[in-house]
Every structure is written in structure tokens, then in C-alpha cells.
Amino acid sequence: MPKFFYPKLALSSIKRHLQLYGPYLCASTTMVSMFYMILFVAENSGLSKMRGSEVLGQLLRFGVVVVGLFAVIFLFYTNSFLVRRRKRELGLYNAFGMEKRHIARILGWETFFIALFSIAAGLGSGILFSKLMLLLLFRILEAPIPFGFEVRLEAVLITVKLFSALYLVIFAFSVWQVRSAQAVELLKAEALGEREPKARWLLALLGCVTLGAGYYIAVVVADPLVALFSFFVAVILVIIGTYLLFTTGSIALLKLLRRSKPLYYRPKPFIAISGMLHRMKQNGVGLANICILSTMVLVTISTTVSLYVGLEDVLRTRYSREIVIRLDSYEPEAVAAVQAGTEAVLSRHGLEAAEKAEYRFLSLTAFRSGERLLTEKEVEPGLTGVRTSLHFTPLEDYNRMVQEPVSLQENEVLVYSNRGIYEHSTLEFLGRSFAVKEKLASLPGDGFSRTQTFASYYVVVRDMQVLEELRRNLTETEGRSAQTSYIRGFDLDTSAEEAAAVYRDLQESLPRKDLIWVESRDEARQEFLAMYGGLFFLGLFLGTLFLLGTVLIIYYKQITEGYEDRRRFSIMQQVGMAGSEVRSAIRGQVLSVFFLPLAAAGVHIIFAFPMITKLLILFNLTNTALFAACTAVTFAVFAVFYACVYLATTKAYYRIAAA
Amino acid sequence: MNLLEVKNLRKVYTTRFGGTQVEALRSVSFGLEKGEYTAVMGESGAGKTTLLNILAALDRPTSGEVILGGRSLSGLKDQELAAFRRSNLGFVFQDFNLLPTFSLRDNILLPLVLAGESYREMEKRLQPLARRLGISGLLAKFPYEVSGGEQQRAAIARALITDPQLILADEPTGALDSKTSDSLLRLFGEINEAGQTILMVTHSVKAASHAKRVLFIKDGEIFHQLYRGELSVTEMYERIADTLTLLATGGDVRA
Ligand SMILES: Nc1ncnc2c1ncn2[C@@H]1O[C@H](COP(=O)(O)OP(=O)(O)O)[C@@H](O)[C@H]1O
Ligand SMILES: [Mg+2]
């Protein structure tokens with residue numbers, strides 16, 4: 001055997017199949033490059049000095065794991081596709097007397113060259129673009145751009161190790177695939193799959209049920225905290241449903257259509273239905289993959305973008321005033337001390353509080369069942385309801401915040417909830433029944449509801465006397481004192497630096513530090529930026545990665561189909577179809593198969609919308625309109641991009657199918 | 001008037017790379033009467049398939065003309081050609097060319113579906129035809145589920161279902177064993193007896209001996225022709241074999 005026989009054979013076979021290997025090489029290079037970049041960014045020292053770096057670091061490390069996992073799954077998937085397409089050629093080698101271990105050698109050299117190329121090129125481009133990624137992240141975080149160019153040896157090593165191991169496993173898998181097949185099978189591998197697919201009604205039905213259940217969960221979920229858990233359940237159900245419906249549901253439906261003879265035996269449906277039937281058998285999984293990846297891209301990008309864009313909004317929801325002081329007591333002396341302390345700090349800075357908001361609260365966790373609000377002790381087993389946080393505040397405080405003062409009778413209350421308008425006309429608490437005089441749409445100067453995680457009810461009672469009575473009753477029934485608080489928020493009409501100085505001053509000079517919390521919106525802004533900016537960056541990064549995966553799957557799908565359709569369409573032409581008719585039939589079929597995953601992804605997004613809206617509440621984003629807009633724009637951009645990919649890959653398809 | 005008139009057909013293939021030219025047909029002329037059963041014989045590479053593709057309007061000649069039923073094919077547009085092919089021509093191929101994604105029934109109905117016939121009419125034509133070809137029981141099966149001979153019968157049914165003026169067959173027995181070939185050739189004879197015009201391309205002497213007339217094609221030209229007249233199939237077989245020997249040795253048998 002001549003020197004370098006196998007390496008040469010391997011190289012020439014990669015060259016010969018460039019149409020197959022080109023995109024694979026591109027994709028694996030990009031995977032290596034992206035993995036290095038995210039690793040580089042995650043381990044960057046500049047970040048650890050930033051405020052909120054802990055959250056950011058966690059996010060980025062999470063990103064590293066996702067990119068790594070995705071690379072593994074994805075390269076595996078595409079490689080198995082390549083091996084399948086090449087079985088025929090390998091079968092020929094086998095038939096001409098090459099032993100399987102020799103074939104394994106060829107595969108080994110091929111994998112080696114591919115690994116060498118993609119790791120080298122990937123690291124090269126990764127190192128080159130890593131600085132760009134860092135710039136992007138710092139830009140998003142509004143942080144000062146660091147100088148210098150850095151190569152992290154550690155990140156390089158991890159990348160090389162991971163991908164070498166991955167290619168080794170891929171090689172082993174290919175060898176196993178070839179080994180387990182007989183020569184004849186290898187030759188025939190491509191001709192298989194022409195068998196008429198069976199309609200598996202039970203699985204199709206199961207698909208409908210799981211998808212329906214997933215959608216149902218997504219739509220009915222009311223509570224954000226519940227949503228977090230239901231989200232995962234719904235996602236899994238929808239993924240299962242998508243796979244089942246794309247693989248078995250589509251076939252069942254097409255078979256059903258075929259049963260209606262007058263409908264089926266017309267030119268377009270005739271060609272479309274029979275073509276799709278076989279198409280779905282071979283490509284159901286691929287289409288489901290595309291659908292799920294597209295959905296992932298859409299969800300990731302739309303949510304992270306809306307969080308980032310809505311950052312100011314979120315801050316305003318969470319911090320109604322620039323400075324908020326909370327005192328864990330509403331005793332008059334303590335309140336007076338805080339008021340005096342605040343005024344002292346402000347006058348020292350020559351400033352005056354604007355948009356002042358002051359509330360006294362009596363707060364507890366309660367359990368709401370209809371119009372009844374129950375304490376922990378009162379909850380009886382078997383009762384249905386939601387855990388809520390309940391806050392009582394005197395009318396005096398409320399009236400200070402509104403233009404037209406309200407008056408209340410002894411047993412009358414105003415109710416505000418962060419979960420929509422309160423439904424009932426009475427409210428029962430601790431054996432007392434209050435008449436709801438007004439259901440408020442907002443609590444002026446609110447922002448104390450902390451996060452929006454829990455359902456919160458704010459009950460405005462006639463005066464402090466009612467509040468005190470409730471407090472006494474609570475102490476008696478519950479055996480512990482309820483939480484009282486005084487909250488004072490205000491804006492400052494000054495520069496950011498001055499405001500920061502006021503904030504620090506307040507933190508230091510206010511008495512009773514153990515009972516007092518001072519918060520500054522600007523300070524919080526930095527931490528929110530670290531989190532939402534990090535999410536945004538990760539969203540863009542992962543979105544791009546998933547998109548790349550989608551494109552590659554689409555490309556390979558088109559190529560396979562091109563080869564399969566070529567014969568079909570040449571026969572149709574012989575039987576009396578004009579070339580233009582054939583082309584329009586191809587276009588119709590390709591179009592419907594191609595855009596099916598996009599349409600399905602669109603439906604997924606629509607159903608996921610209510611649930612994601614709830615989830616975003618956990619991140620304090622309550623601006624549904626903003627999220628809707630972001631989703632719509634993301635979808636539109638994605639659809640355009642998808643259409644471009646369609647046009648580009650369809651060219652490759654036509655070149656093959658119409659040859 | 002002849003059903004089919006072929007005048008001075010010439011076909012030159014230009015290979016995509018390099019531009020070398022192959023003259024597949026030099027000058028082919030002949031006529032076909034209605035009801036005739038004609039075989040075209042020639043060695044592999046003689047240009048038989050090329051001729052058939054041009055007759056079928058699947059390919060255009062470099063020069064020359066094909067007139068079918070009084071209409072010249074060269075003037076027709078792509079769309080018209082397809083419709084013309086659908087209603088006037090039926091094809092039978094060496095490798096059957098059934099669509100693997102269709103059952104035999106759907107394969108046979110394909111031309112009618114493309115022509116926009118009603119389903120009722122389709123059924124009306126399908127049943128007697130399937131019975132005649134002996135595939136009534138196989139209609140629901142898929143091509144991969146039946147034998148080569150049965151596939152070819154289905155292909156013949158597909159060719160006949162539009163009631164075409166002319167059946168074109170390219171080596172219809174080429175992929176079949178001899179027993180199946182025999183029964184298929186008998187079937188062709190029966191179809192012809194019923195009035196169907198057939199043009200069959202073949203390099204099998206046996207297949208050609210069933211025809212009523214045999215054209216010999218060599219180096220892109222019609223070289224010779226034989227009429228069966230009152231001869232039996234066996235006698236015809238010998239005459240054809242003799243002619244081929246002469247052709248091969250370069251003897252001049254030009255008619
Ligand atoms: N598409 C084509 N391009 C170039 N040359 C062709 C093409 N088709 C056929 N030929 C050439 O034309 C000649 C006749 O081919 P063909 O008609 O297939 O012969 P037959 O069917 O009699 O075996 C052959 O030399 C063949 O190589
Ligand atoms: Mg031929």
C-alpha cells in the first residue's frame with residue numbers, strides 16, 4: 001500500500017463531498033469558536049470588578065454549559081446524517097474488497113482532518129473575535145471598555161480538550177454505524193425509506209393530547225411562581241407533542257386526507273399529499289428539530305431583549321422613587337426619627353425631597369379563598385386558594401397621595417391588588433367583614449410590593465385605630481406580632497453623583513440601622529444591568545447559535561430531498577407534466593414543508609405568550625405591550641431571515657432536483 | 001396519412017464540460033401507420049433512447065421534424081407539449097419508472113389526475129384495464145411490494161389509461177426474466193390486435209420478433225427494415241438474427 005494512502009483517500013473524499021462537508025466544517029468551526037468566546041468572556045477578569053458580577057458570572061457560566069451541550073448534540077446529529085448519506089460510497093469500498101477496518105481507518109483520518117481544521121480555525125477566529133464579544137458585553141453593561149488584547153490559555157485548553165473528546169466519540173460512533181451494517185445494506189442504505197409509512201393513530205392522538213396539555217398549562221397558569229414550575233412541564237409536553245405530531249400526526253392527517261377520493265385525485269393534492277407523506281416519514285424529526293430550535297431562538301431573544309429594553313420600566317416598577325427608605329415599625333417615635341434624619345441629610349446637601357410617598361403598613365402572609373383572607377392558623381385542609389401577601393394601610397396615608405380625598409366608614413375599605421382588579425364586594429378577615437367601597441386600579445406611589453412574585457393585596461382601612469385593632473387581634477390569634485412598617489420614598493432633583501452621595505449619607509446617618517433599609521434606584525440599576533444585560537448578551541449569543549443550528553439542519557434537509565425528488569419529478573415529466581408544472585409542484589411542496597416548522601413555532605409562541613408574560617413578572621417586567629412588541633419584531637426578523645435561508649438553500653435543492 | 005412522420009432527425013449532444021460533441025442521430029426518417037406494431041433495433045449506444053425521447057417530446061432534435069397526428073411537435077410550447085404528451089402518448093420504460101410514493105392504483109391513475117379527470121371516470125377506465133392486464137388484485141400495493149413483471153404491467157396500464165394514439169416503449173423487457181418477458185410480449189401483441197399503435201425500442205431479437213415491422217438503426221441512421229408479412233414469430237426471429245449478423249459484419253443490406 002502506498003505511503004499516506006489512507007490520509008490521501010480521506011482528504012480527497014472530503015474534497016469530493018464538499019457540498020456535504022462544507023457546511024459541516026463551517027458549523028463545527030463556528031461551534032468551537034463560539035465555545036471559546038463564551039468561555040473567554042465568562043472567565044474575563046474585568047467582569048469580576050463590576051457590580052453584580054456574581055449574577056453575571058453565573059449567567060455566563062450557564063451559557064458555557066449550554067453552548068457546550070449544544071455543540072455536542074448538534075455535531076453528533078449532523079455527523080450521523082453525513083455517515084448515512086455516505087453509506088453507499090463506503091459500501092462500494094466494502095464491495096470492492098476493502099475490509100471494514102480499512103473503512104474505519106478512512107473514517108478515522110477524515111474525522112482527524114475535520115477535527116484539526118475546525119479546532120484550529122475555530123480557535124483562530126474565536127481568539128480574533130473574543131475581544132469583539134467582550135466589547136459587545138461591556139457596551140451592553142454600560143461599563144468602561146477595558147484595554148488590551150488577551151488570549152486565555154486555560155480557555156484554549158478546555159476548548160481543545162472538549163472538542164477532541166467530542167470528535168473521538170463521533171469517530172467511534174461512525175465506525176459503529178458502518179460496522180453494524182452489511183455491505184449490501186450499505187449499498188442500499190439510501191434506497192430504503194421508500195416504504196409507505198404507517199399511520200400510528202395512537203401516537204398521533206398522544207401527540208395531540210400532550211401538545212394540548214402543554215398549551216393548556218401555558219394559557220391557564222395564573223401565578224408567576226407556579227408559572228416557573230409549569231413552564232418546564234409545559235415546555236416538555238410541547239416538545240414531546242411537537243415530535244409526535246411532526247412524525248406521526250402529520251402522517252395520520254395526510255392519510256386521512258387521502259381517504260377522501262374526490263379531494264385526493266386532483267393534480268395538486270395528489271402530488272402534494274403523496275409527496276408529503278413520504279417526506280414527513282423521513283423528515284418529521286428534522287422538521288420538529290427545526291421547529292423547536294426556532295421556538296427557542298424566538299423565546300430567548302424576545303424575552304432577553306424585552307428585559308433589557310424594559311430595564312428602566314422594570315426599575316420604575318420595582319422602585320417607585322429614586323430613594324426608598326423602609327423602617328420595620330410604624331411607631332410614631334421611630335417614624336419621626338426617620339423623618340428627621342432624612343430631612344437632616346437632605347438639607348446638608350441643600351436638596352428637597354420631591355414626589356414624596358409615605359405609607360404605614362401592617363403586613364402578613366395570608367391565604368386567599370374567594371373573599372376570605374385567612375391567616376396561617378385559620379387555613380383548613382381542603383380549602384382552595386392562593387397564598388398572598390396582605391398589607392393594611394390607613395386612609396390618611398392614602399389620601400395624602402391622591403388629588404381627591406376619600407372618606408370611609410368604620411367597616412369600609414379600598415382594595416388594590418397587583419394581580420388585577422379585586423373581584424368581590426366584601427372582604428373578610430379575622431372574623432370581620434369589610435365592605436369594599438372602591439377597587440383601586442393602582443396604589444399611588446406603589447413599588448413596595450417588592451418583587452411581583454407574590455399576589456399582593458393592599459387594603460386601605462379607615463384609620464390607624466382599625467389597623468391597631470387588627471394588629472391586636474392578630475397577636476392574640478396567631479400568638480405572634482404582625483409585621484409593621486413605615487415606608488418613605490422620594491425623588492431627588494439632582495445629578496447622579498449627588499444622589500449617590502445622599503444615598504450613602506442616609507445609609508450611614510439614619511438611626512436604628514437594624515430596622516432600616518435604604519434603597520436607591522440608581523444603585524439597583526447597576527445590579528439590574530448586570531443581570532438583564534448579561535441575559536441580553538446571552539440571549540443574543542445563544543440565539544445566534546441556535547439559528548446556526550437551524551440553518552444547517554435546513555440545508556441538509558434540502559440536499560437530501562433534492563436527491564430523492566429528482567427521480568420523482570423526471571417521471572412526472574414523462575407522464576405528462578410540463579416542466580413549469582413540475583417546478584410549481586416542487587415549489588409548493590418545498591414551501592409547505594419548509595414553512596411548516598416556522599408556522600408551528602409561531603403557534604408555540606402565541607400559546608407561550610401568556611405564560612412568559614407571567615414569568616417576566618418574576619423579573620419585575622410587567623409591561624406586556626413591550627414584550628408583545630419585542631416578540632412580534634423578533635418573529636418578523638426571524639421570519640425574514642428564515643425566508644432568506646429558504647431562498648439560498650432552495651437554490652441548492654433545485655440544482656440537484658432539476659438536474 | 002401516417003399517424004407518425006419522422007423527417008431527417010438529427011441530434012447532437014454537446015457535453016457540458018469541454019464541449020466535445022456526440023452525434024447520437026444523424027438523419028432518421030420513417031413513417032408509422034395507425035395500428036402498426038413496430039420495433040426499432042440497434043446496438044447499445046446506437047441512439048434508440050435518444051430517438052424515443054425526441055418522439056416523446058422529452059427532448060428536442062437539433063434539426064428535423066416530428067409530426068404526430070398531423071401536428072408538428074416543434075411548434076409546441078412546453079405547456080402544450082405536456083398536455084399533448086398526456087393525451088396522445090403512453091410510455092413504457094425499461095426500469096418501469098413507477099413512482100415509489102404511489103400505490104399501483106395511483107401510479108396508473110397519475111396521467112388522468114394530471115389531466116383533471118373526475119374520479120368516477122378514472123374508476124370506470126381503471127377497472128376493465130386492470131382486469132385485462134391481470135393486476136386487479138394488486139392495485140392497493142406499492143411498487144416495492146410486487147414483482148418486476150407486475151410493475152411493468154402497471155406501467156403498461158398507466159400508458160394505456162389515457163387511450164393514447166401511440167405507445168412508446170423503451171426496452172420494456174430489458175429488466176425482466178425470460179418467462180415474464182414472454183408473457184409481456186404476448187400482452188403487447190394483444191394490445192396491438194385491439195388496434196393500439198406501438199413503437200418499441202429494443203436490442204432483444206426475441207422482443208423484436210413479435211413486432212410486425214422492424215427498423216434497424218446504426219450510426220444514427222435507419223439502416224434497414226423488415227416486414228413480418230405472413231411470417232411466424234420463429235421465422236421472423238431468424239430473419240432478424242440474420243440481419244443483425246450482416247449488420248455486425250458490415251455487409252450491405254440497405255433496403
Ligand atoms: N444527455 C446526453 N449527453 C451526451 N451524450 C449523450 C446523452 N444521451 C446519450 N448520449 C450519447 O448518445 C449516444 C446514443 O445514446 P442512446 O440514445 O442512449 O443509445 P441507446 O439507447 O441506443 O443505447 C451514445 O453515444 C450516448 O453516449
Ligand atoms: Mg437506451
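Here the structure is a predicted model, which means the values were calculated and not measured.

Our focus in this paragraph is the interface of chain B and chain A. Between chain B and chain A, the residue contacts involve 27 residues of the former and 26 residues of the latter. On the chain B side of the contact with chain A, Thr101(B), Leu114(B) and Tyr119(B) bury the most area, a combined 21% of that side's loss. Taken together, chain B and chain A are joined by 0 salt bridges. Run the count over chain B and chain A and you get 2 residue pairs in polar contact (both at pLDDT 80 or more). Contributing elements (two or more residues each) for the side of chain B that touches chain A: α2 (78-88), α3 (104-115) and α4 (119-133) of chain B. Top element by residues in the side of chain B that touches chain A is α3(B). It accounts for 7 residues. A per-class count over the side of chain B that touches chain A returns 17 nonpolar, 3 polar and 7 charged.

Glancing now at empty space enclosed by the protein. Counted according to the given criterion, the structure contains 3 cavities of 30 Å³ or more. Estimates place the volume of the largest cavity at around 130 Å³. Residue lining of the largest cavity: 14 residues in total, with Tyr21(A), Asn79(A), Leu107(A), Glu110(A) and Thr111(A) positioned closest to the centre. Where the lining of the largest cavity is concerned, the elements lending two or more residues are α2 (18-42), α4 (53-95), α5 (100-140) and α6 (153-179) of chain A. When residues in the lining of the largest cavity are grouped by element, the largest group, 5 residues, is from α4(A). Here the residues of the lining of the largest cavity are counted per class, giving 9 nonpolar, 3 polar and 2 charged. A volume near 80 Å³ is recorded for the second largest cavity. Along the walls of the second largest cavity sit Gln574(A), Val575(A), Arg85(B), Arg86(B), Leu89(B), Gly90(B), Phe91(B), Pro111(B), Arg158(B), Ala159(B) and Thr162(B), which together make up its complete lining. Within the residue set of the lining of the second largest cavity, elements represented by two or more residues are α17 (521-575) of chain A together with α2, β6 (89-92) and α5 (148-160) of chain B. With 3 residues, β6(B) is the largest single contributor of residues to the lining of the second largest cavity.

What follows deals with the site of ligand 1. Residues and elements named next belong to chain B. Residues in close proximity to ligand 1 include Tyr13, Val22, Ala24, Glu43, Ser44, Gly45, Ala46, Gly47, Lys48, Thr49 and Thr50, which together make up its full environment. At a separation of 2.7 Å, an oxygen atom of ligand 1 approaches a polar backbone atom of Gly45. Between an oxygen atom of ligand 1 and a side-chain N or O atom of Thr50, the distance comes to 2.5 Å. With the chains in place, 60% of the 560 Å² that ligand 1 exposes on its own is no longer accessible. Looking at the shell around ligand 1, the elements with two or more residues in it are β2 (21-32) and α1 (48-55). Of the residues forming the shell around ligand 1, the biggest block, 3 residues, is contributed by α1. Split into classes, the residues belonging to the shell around ligand 1 amount to 4 nonpolar, 5 polar and 2 charged.

Glancing now at the nonpolar core. The nonpolar side chains of a soluble globular protein tend to be buried with one another. All names here are of chain A. Among the nonpolar cores identified, the biggest contains 185 residues, and Leu60 and Phe163 are the most heavily contacted of them. Among the elements that make up this core, the one with the highest residue count is α17 (23 residues). For Phe163, the residues in contact, after removing those within four places along its chain, are Met31, Val32, Phe35, Ala71, Leu75 and Ile119. Counting 44 residues, the second-largest nonpolar core is a separate cluster that includes Leu373, Ala455, Phe490 and Val502.

Time to look at helix α13 (residues 332-348) of chain A. All names here are of chain A. Across its 17 residues, α13 extends 24 Å between first and last C-alpha, which sits within 8% of the 24 Å expected from 1.5 Å per residue. Listing the buried residues of α13 in full gives Val335, Val338, Gly341, Thr342, Val345 and Leu346. Seen end-on, α13 carries its buried residues on one side only, within an arc spanning 130 degrees. Away from its buried face, by an angle of more than 90 degrees, α13 presents the exposed residues Pro332, Glu333, Ser347 and Arg348. Of the surrounding secondary structure, the elements contacted by the buried residues of α13 are β1 (323-327), β2 (353-369), β9 (483-492), α16 (496-509) and β10 (516-520). Positive phi shows up at Gly350, right after α13, with a value of about 65 degrees.

What follows is about the environment of Ser495(A). Its location among the elements puts Ser495(A) in the loop between β9 and α16. For Ser495(A), the side chain forms a polar contact with the main-chain nitrogen of Glu498(A), separated by 3.3 Å.

Residue and element names in this part refer to chain A. Summarising burial for β9: 9 of the 10 residues are buried, a large majority. As paired strands, β1 and β9 are joined by 5 bridges and run antiparallel to one another. Along β9, the bridge assignment pairs Ile323 with Phe490. By the bridge criterion, 9 bridges tie β2 to β9 in an arrangement that is antiparallel. Bridge pairing in β9 links Arg360 to Tyr486.

This brings us to a nonpolar patch on the surface. Together, Trp201(A), Leu253(A), Leu256(A), Leu257(A) and Leu263(A) make up an exposed nonpolar region whose accessible area comes to about 440 Å². Of all the elements, helix α9 (residues 224-259) of chain A adds the most residues to the nonpolar patch, at 3 residues.

The next thing to look at is the pattern of salt bridges. In total, this model carries 30 salt bridges over all chains according to the counting rule given. Between Arg10(B) and Glu23(B) there is a salt bridge, and its shortest N-O distance comes to 2.4 Å. Of this pair, Arg10(B) sits in strand β1 (residues 4-14) while Glu23(B) sits in strand β2, placing them 13 residues apart in sequence. When its relative accessible area of 32% is taken as the criterion, Arg10(B) is described as partly exposed. Residue Glu117(B) pairs with Arg125(B) through a salt bridge whose shortest N-O separation is 3.5 Å. One network of salt bridges, with partners in common, ties together Glu343(A), Glu358(A), Arg360(A), Glu396(A), Asp397(A), Arg400(A) and Arg488(A).

Procedures and definitions
Along each chain, residues carry numbers from 1 onward, in the same order as the chain's sequence is written. Chain labels run from A onward and ligand labels from 1 onward, assigned in the order the entries are written. Reporting of local features is limited, given that this is a predicted model, to residues whose pLDDT is at least 70; pairs of side-chain atoms are given and counted only at 80 or more, and all residues count toward the totals for whole chains, interfaces and linings. Hydrogens and waters are ignored; side-chain quantities use all the structure's heavy atoms. The contact definition used throughout considers only heavy atoms, calling two residues in contact when any of these lie within 4.5 Å. By buried area we mean how much accessible surface two parts lose on assembly, using a 1.4 Å probe and totalling the loss over both. Salt bridges are counted wherever a side-chain nitrogen of Lys or Arg sits within 4 Å of a carboxyl oxygen of Asp or Glu. We call two N or O atoms a polar contact when they sit within 3.5 Å, provided that within protein one can donate a hydrogen and the other can accept it, with sequence-adjacent residues counted only if both atoms are side-chain atoms. Secondary structure elements are taken from DSSP: a helix is a run of H or I of four residues or more, a strand is a run of E of two residues or more, and numbering for both begins at the N terminus. Under the scheme applied, nonpolar residues are Ala, Val, Leu, Ile, Met, Phe, Trp, Tyr, Cys and Pro; charged residues are Asp, Glu, Lys and Arg; polar residues are all the others, including Gly. Cavity means a closed set of points on a 1 Å grid over the protein atoms alone, one where a 1.4 Å probe fits but cannot get out, pocket means an open set with protein on both sides within 12 Å along at least 5 of 7 lines, and lining means a residue has an atom within 4 Å of a point. Grid points are joined across faces, edges and corners, and a volume is the space filled by probe spheres set on the points. Near, as used in this document, describes a residue that has one of its heavy atoms within 4 Å of the molecule or strand being considered. Surface accessibility in these figures is a Shrake-Rupley result with a 1.4 Å probe; residues are shielded only by whichever protein chains are displayed. Residues enter a nonpolar core if they are buried and are Ala, Val, Leu, Ile, Met, Phe, Trp, Tyr or Cys, with the set joined through side-chain atoms within 4.5 Å. A 1.4 Å probe rolled over the protein chains alone gives each residue an accessible area, and that area as a share of the maximum for its type sets the label: buried under 20%, exposed over 50%, partly exposed in between. Under the convention used throughout, the expected extent of a helix is 1.5 Å for every residue step, that is, one less than its residue count. The directions from the helix axis to the C-beta atoms form the arc being described. Here the rule is simple: two strands pair whenever DSSP picks up at least two bridges between them. Like-charged residues within 9 Å of one another, or nonpolar side chains (Val, Leu, Ile, Met, Phe, Trp, Tyr) within 5 Å, are grouped into patches, provided each residue has over 30% relative accessible area and no salt bridge.

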